[in-house]
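Breakdown of the fold
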Amino acid sequence: MNTTKNFVEGRIPAIDTLRVVAIAVLVMFHHAMIYVPDWGFHYKVETEWVFLQNLMVVTSPWRMGLLWLISGIALSFMITKISIPYALLKRTSHLLFPLLIGVLLIVPPQLYIEMSQASEMPLSYSEFTYALFFQQGETFRNFTAGIWPSIDVNHLWFLRSLWQYSLLAILISPLLATTIGKRILAAIAKKIWLILLAIFVLALFIQEAFSGDLVRESYGLVWFFVGFSLGRYINFWNQISEHVKVLISLAVLSLIAVQIGFLFVWKSENPNEFIKVIAEFGYILNRAVVPIAIVATVYKWFNHAKPQITRLNILVFPLYIIHQSVSIVVAFLLSSYAPEIPLFQHFLLSTLFVLMLCFSILIAIERSNVLRPAFGMPVSLRSQRLEQCVQAFTFCCSVPIGLEILF
């Protein structure tokens, strides 16, 4: 059996488009979290905009599943081009150095604003920064969860988990690359309904057996390894392309079920048991089907390279790192310096300022070889040796946080 015929040849442009779609959904969701009522977040602007809840429920169950699926697929293509030791080094420097920069420089403003809104921040920002890194003490007695005292990963938890899952995937990749491994995965890739059933069962088990952060971590692990194991197999792409209309139909039905559940079950004090069962089934179906339905749709009808998408795709990683802090800081400053502004104008202005500020920061990062490695972008240097030195430096800087995460 010639297993090489099982694999996709060349790059799949749809992956770039999907990555841009996934980060756009995530950025909008996190910005809306500031304004949505009832749901806790690091900073809140009080509103009664219940309609935001209905809109956000559309993406809430599956948005991270899509990002995990794309990440797994991307890694499956990456490791075919490089050795395992280099893959481990590259993945560590690419993920952990930006994570280190993020937890030291990008995340702290969120903590300061969160503590300020909770009336537990008597310090100026400069005093807060000094206390955070050098004093700790009673100031942070209610904010101690983190990788180092009060220094947490916050929204960058995805980078931490992606690094952990990537290490595991890279280490088991030789097993998947054996002849028998390829035959088994090629056979599984033909069974799209079996794949979906397995994901559904796992999602149901995770929802019932786990709680807290373990739910999102486990759900992400499932989708990551679906992408990593099957992403290069042509059978997988042929199957989702062939059944795209059925997948879209199931996704729509699950979205309707989730909306019904939100309106008549999760927001009701005495929900009807029959509707409750339908809603819970629809919620799990949503988490199991929508990511693949979106991937199938983009692959079927939008699988062609576009210069605009290629440009945006390069900026996805730094945007993920900065976006939440930018949203929170902008909303906080707008509330502080224009407290009488009407809510809708507050939302429009903050959205506009966030887009402008993110765009400006991304351009600055893209044009600076000093900033690029700190935000997961490759450097553009004339000397290959200098590029290797930069990668070695970022890897060495990443070791302490890597050890902290693992142990």
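Here's a quick rundown of the structure. All values derive from a computational prediction rather than experimental measurement.

**Considering the overall build of the protein**
From N to C terminus, the protein includes 16 helices and zero strands. The principal-axis extents of the C-alpha atoms in the protein amount to approximately 70 × 65 × 40 Å. Looking at the protein as a whole, 51% of its 407 residues qualify as buried. Taking contacts inside the protein between residues at least 6 apart in sequence as the whole, the part at least 24 apart equals 77%. Carbon together with sulfur atoms contributes 65% to the accessible area of the protein, which is approximately 20,100 Å² in total.

**Regarding the packing of aromatic side chains**
Evaluated as defined, the whole model comprises 27 aromatic pairs. Consider the rings of Phe236 and Trp237, whose centres lie 5.4 Å apart with planes at 80°: the pair is edge-to-face. Summarising the burial analysis for this pair, Phe236 and Trp237 share the class buried. Aromatic pair Trp237 and Tyr299: ring centres 4.7 Å apart, planes at 40°, arrangement tilted.

**Some points on the environment of Val298**
Along the polypeptide, Val298 turns up in helix α13 (residues 273-301). With 277 residues separating them in the primary sequence, Val298 and Val21 have C-alpha atoms 9.9 Å apart.

**Re the pattern of salt bridges**
Summed over all chains, the structure comprises five salt bridges. Where Asp16 meets Arg19, a salt bridge forms, and the shortest distance between an N and an O atom there is 3.3 Å. Of the two residues, Asp16 and Arg19 are both situated in helix α1 (residues 13-33); the distance of three residues between them amounts to about one turn of the helix. Here the two residues Asp16 and Arg19 agree in accessibility, since each one is buried. Between Arg160 and Glu217 there is a salt bridge, with the nearest N and O atoms lying 2.8 Å from each other. Here the residue Arg160 occupies a position in helix α7 (residues 157-176), and Glu217 occupies one in helix α10 (residues 213-230), the gap between them amounting to 57 residues. You can call Glu217 buried: its relative accessible area is 13%. Salt bridges sharing common partners tie together Arg11, Asp16 and Arg19.

**Points about a nonpolar patch on the surface**
A cluster of nonpolar side chains, namely Val252, Leu253, Ile256, Ile260, Leu263 and Phe264, defines an oily patch on the protein surface of about 540 Å² accessible area. As for its position among the elements, Phe264 is in helix α12 (residues 244-266). The class of Phe264 is partly exposed, set by a relative accessible area of 49%.

**What to know about the packing of helix α4 (residues 84-106) against helix α16 (residues 384-406)**
With their axes 7 Å apart at the nearest point, α4 and α16 run at an angle of 75° to one another. Judged by the angle between their axes, α4 and α16 are roughly perpendicular. The residues of α16 that touch α4, namely those facing Tyr86, Leu89, Lys90, Thr92, Ser93, Leu96, Phe97, Leu99, Leu100 and Val103, are Gln391, Phe393, Thr394, Phe395, Cys397, Ser398, Ile401, Gly402 and Ile405. Grouping the amino acids of the contact of α4 with α16 by side-chain chemistry returns 12 nonpolar, six polar and one charged.

**Describing the side chain of Ser325**
Along the chain, Ser325 falls in helix α14 (residues 307-337). Of the polar contacts made by the side chain of Ser325, one reaches the backbone oxygen of Ile106; its length is 2.6 Å. One polar contact links Ser325 to Gln110, side chain to side chain, over a distance of 2.7 Å. Contact partners of Ser325, with chain neighbours within four places excluded, come to Ile106, Val107, Gln110 and His155.

**Regarding the environment of Thr80**
In this structure, Thr80 sits in the loop between α3 (63-78) and α4. A sequence separation of 83 residues divides Thr80 from Trp163, and the C-alpha atoms of the two residues are 18 Å apart. Polar contacts involving the side chain of Thr80 include one to the main-chain carbonyl oxygen of Phe77, which spans 2.7 Å.

**Describing the packing of α7 against α10**
Across the interface, α7 lies against α10 with an axial gap of 10 Å and an inter-helix angle of 40°. Comparing the axis directions of α7 and α10 gives the class oblique. Here α7 and α10 pass one another in a crossing that is right-handed. Between α7 and α10, the residues in contact are Trp157, Arg160, Ser161, Leu162, Tyr165, Ser166, Leu168, Ala169, Ile172, Ser173 and Leu176 and Arg216, Glu217, Ser218, Gly220, Leu221, Phe224, Phe225, Phe228 and Ser229, respectively.

Thresholds, definitions, all that
Residues numbered from 1 in each chain as written. Predicted model: local features only at pLDDT ≥ 70, side-chain atom pairs only at ≥ 80, totals over all residues. Heavy atoms only, no water. Helix = DSSP H or I, 4+ residues; strand = E, 2+ residues; numbered from the N terminus. Buried < 20%, exposed > 50% of the residue type's maximum accessible area, 1.4 Å probe, protein only. Contact = heavy atoms within 4.5 Å. Areas by Shrake-Rupley, 256 points an atom, 1.4 Å probe, with all protein chains shown as cover. Phe/Tyr/Trp six-rings, centres within 6.5 Å; stacked < 30°, edge-to-face > 60°. Salt bridge = Lys/Arg side-chain N within 4 Å of Asp/Glu carboxyl O. Patch = residues over 30% accessible without salt bridge, like charges linked within 9 Å, V, L, I, M, F, W, Y side chains within 5 Å. Axes fitted to C-alpha atoms, helices over the stretch in contact; angles between N-to-C directions. Parallel < 35°, antiparallel > 145°, perpendicular 65-115°, else oblique. Nonpolar A, V, L, I, M, F, W, Y, C, P; charged D, E, K, R; others polar. Polar contact = N/O pair within 3.5 Å; in protein donor to acceptor, adjacent residues only side chain to side chain. Left-handed = near helix turned anticlockwise from the far one by under 90°.

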